[in-house]
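# Analysis of the macromolecular model
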Amino acid sequence: MRDYARMVDGKAELPIEKGTAKIEHVRYSFTSPAGGRANAETMRNVFKDPKLKERISFEVFTPEGKTMTIKNEKQLDAQA
């Protein structure tokens, strides 16, 4: 998770056709609900950090292949 946080610190850039682009948002994916549950506290800590809460979101895949996107503590609590 720390690597993801470093990517959105305003300094990381990706090369693109016309120069570079800053990474402003990342989505961390869990391939199972169990993985999301096991990392709920880490997600909660991200949402409490003013520098990260708008820059990292989480995606959890269900066994059926559907996704749940979690962008804030309220959505995280709804999945509990």
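All of the points below concern the structure found in this document.

### Quick word on the side chain of Glu59
- Position of Glu59 relative to the elements: it lies in strand 4 (residues 56–61).
- Exposure remark for Glu59: the relative accessible area of 12% places this residue in the buried category.
- Among the polar contacts made by the side chain of Glu59, one reaches the side chain of Ser29 at a distance of 2.8 Å.
- Setting aside chain neighbours within four positions, we find Glu59 in contact with Arg27, Tyr28, Ser29, Phe30, Thr67, Met68 and Thr69.

### Remarks on the sheet that holds strand 3 (residues 26–30)
- Taken together, the three strands give an open sheet; going across it, the order is 3-4-5, and neighbouring strands pair in mixed fashion. Bordering the open sheet on either side are strand 3 and strand 5 (67–70), each of which pairs with just one other strand. Sheet twist, expressed as the mean angle between neighbouring strand axes with direction ignored, is 25°.
- Looking at chain direction, strand 3 and strand 4 are connected through five bridges and run parallel. Of the residues in strand 4, the one forming a bridge with Val26 is Ile56.

About the criteria used
Residues numbered from 1 in each chain as written. Predicted model: local features only at pLDDT ≥ 70, side-chain atom pairs only at ≥ 80, totals over all residues. Heavy atoms only, no water. Helix = DSSP H or I, 4+ residues; strand = E, 2+ residues; numbered from the N terminus. Buried < 20%, exposed > 50% of the residue type's maximum accessible area, 1.4 Å probe, protein only. Polar contact = N/O pair within 3.5 Å; in protein donor to acceptor, adjacent residues only side chain to side chain. Contact = heavy atoms within 4.5 Å. Pairing = 2+ DSSP bridges. Axes fitted to C-alpha atoms, helices over the stretch in contact; angles between N-to-C directions.

Geometry only, nothing functional implied.
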